[in-house]
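Each chain, letter by letter, is given below.
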Amino acid sequence: QVQLVQAGGGLVQAGASLKLSCAASGRTVGTMAWFRQAPGKEREFVAAIKWSTYSYYADSVKGRFTISRDNAKSTVYLQMNNLKSEDTALYYCAASQSIVSSYAQLSSYDYWGRGTQVTVSL
């Protein structure tokens, strides 16, 4: 089993920055990712990282968000810059023990954090 503990989030104005973290404990994870879910919408892919080498982003956040990973701390981060109102959502950390190929799919991940709210005001 893998436990994911999220931290960060909050209420900021448009253009501001926030950093989310997700600490994994239990077993070694190969792929970690961030998804988000806005009210009334489906959960969507934001970013993923395989080990600490390969990173992937949704087009909507490319150039503004950066995913990184500290393997020594088993922690993944999501640095969010130039936040927009459309980034408002509940952000979830996800993990898989394997190196997944379909990193943008919900079903690729076995473990999920509880979610942390990010609210961006105009």
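This text goes with the structure placed above it.
Residues numbered from 1 in each chain as written. Predicted model: local features only at pLDDT ≥ 70, side-chain atom pairs only at ≥ 80, totals over all residues. Heavy atoms only, no water.

Chemist: Account for the overall build of the chain, naming residues and giving values.
Modeler: Secondary structure summary: the chain contains 0 helices and 11 strands in total. Along the chain, helices (α) and strands (β) appear in the sequence β-β-β-β-β-β-β-β-β-β-β when read from the amino end. The globule rule puts the C-alpha radius of gyration for 122 residues at 14 Å, and the 13 Å found for the chain is close to it. If one aligns the C-alpha atoms of the chain with their principal axes, the spans along those axes are about 40 × 25 × 25 Å. Per-residue burial for the chain yields a buried fraction of 41% across its 122 residues. Sequence separation of at least 24 residues holds for 57% of the intrachain contacts in the chain that already meet a minimum separation of 6. For the chain, the accessible area works out to roughly 6,300 Å², and carbon and sulfur atoms hold 47% of it. Averaging the coordinates of the 12 positive side-chain charges in the chain and doing the same for the 7 negative ones gives two points 6 Å apart. (Helix = DSSP H or I, 4+ residues; strand = E, 2+ residues; numbered from the N terminus. Rg over C-alpha atoms; globule rule 2.2 N^0.38 Å. Buried < 20%, exposed > 50% of the residue type's maximum accessible area, 1.4 Å probe, protein only. Contact = heavy atoms within 4.5 Å. Areas by Shrake-Rupley, 256 points an atom, 1.4 Å probe, with all protein chains shown as cover. Lys, Arg positive; Asp, Glu negative; His and termini not counted. Charge placed at Lys NZ, Arg CZ, Asp CG, Glu CD.)

Chemist: How would you explain the nonpolar core if you had to name every residue and give the values?
Modeler: Among the nonpolar cores identified, the biggest contains 35 residues, and L4, M32, W34, L78, M80 and Y91 are the most heavily contacted of them. Residue assignment for this core shows that the elements contributing at least two residues are β1 (2-7), β3 (18-26), β4 (31-37), β5 (44-50), β7 (65-70), β8 (75-80), β9 (89-96) and β11 (116-121). Apart from the residues within four sequence positions on either side, M32 is in contact with L4, C22, A24, A47, A48, I49, I67, R69, V76, C93, A94 and A95. (Core = buried A, V, L, I, M, F, W, Y, C linked by side-chain atoms within 4.5 Å.)

Everything listed is a geometric property; what it means functionally is a separate question.
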